[in-house]
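Commentary on secondary and tertiary structure
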Amino acid sequence: MAIVDVAYTDMLGGRVTFTQTETSTVRMTGQFNEGFDDPDARVLLYVGDIPPPDHLDLAINPPGTSAFEYDYQDATITDFTDVPIRVITDNEIIAVGDPTVPIE
């Protein structure tokens, strides 16, 4: 593991990327371009078994979302490699992405 190690997955017409930015911080960035109808829906992103971010600033602009980012503390890129991402809006799973892959 090194700072700037990266893993990603493509889903919902967009990409979610995880980057090791510090020794124990991983930044998630992304944007979705399809799959969202209700601009007022609450969106949760589950990465593997990690609880969803509490304060993810993700605005829905149908049919997609605005760009978003979130810093996971006390984490390493291995926590975000080879894990699926689930996107839930208003308690309904709208997508499950393929497991994240590292950028070599």
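Look above for the structure.
Predicted model, so just to flag it, every value in this text is computed and none were measured.

Okay, unusual backbone geometry next. Here the bond from Pro62 into Pro63 is cis, since omega is 10°, no more than 30 degrees from zero. Turning to its location among the elements, Pro63 is positioned in the loop between strand E5 (60–61) and strand E6 (64–65). In this structure, Leu12 is a non-glycine residue whose phi angle is positive, near 50°. Its place among the elements puts Leu12 in the loop between strand E1 (6–11) and strand E2 (14–22). Not every positive phi belongs to a glycine, and Asn91 is a case in point at roughly 65°. Along the polypeptide, Asn91 turns up in the loop between strand E8 (85–89) and strand E9 (92–96). Assessed through its relative accessible area of 78%, Asn91 is described here as exposed.

Of all hydrophobic cores here, the largest spans 25 residues; its most connected members are Phe18, Phe32 and Val87. Mapped onto this core, the elements with two or more residues apiece are E1, E2, strand E3 (25–31), strand E4 (43–47), strand E7 (68–73) and E8. If one sorts the elements of this core by residue count, E4 sits on top with three residues. Residues within four places of Phe18 in sequence aside, it is in contact with Asp5, Val6, Ala7, Val26, Arg27, Met28, Val47, Tyr72, Ile77, Phe80, Ile85 and Thr100.

About the thresholds
Residues numbered from 1 in each chain as written. Predicted model: local features only at pLDDT ≥ 70, side-chain atom pairs only at ≥ 80, totals over all residues. Heavy atoms only, no water. Helix = DSSP H or I, 4+ residues; strand = E, 2+ residues; numbered from the N terminus. Buried < 20%, exposed > 50% of the residue type's maximum accessible area, 1.4 Å probe, protein only. Core = buried A, V, L, I, M, F, W, Y, C linked by side-chain atoms within 4.5 Å. Contact = heavy atoms within 4.5 Å.

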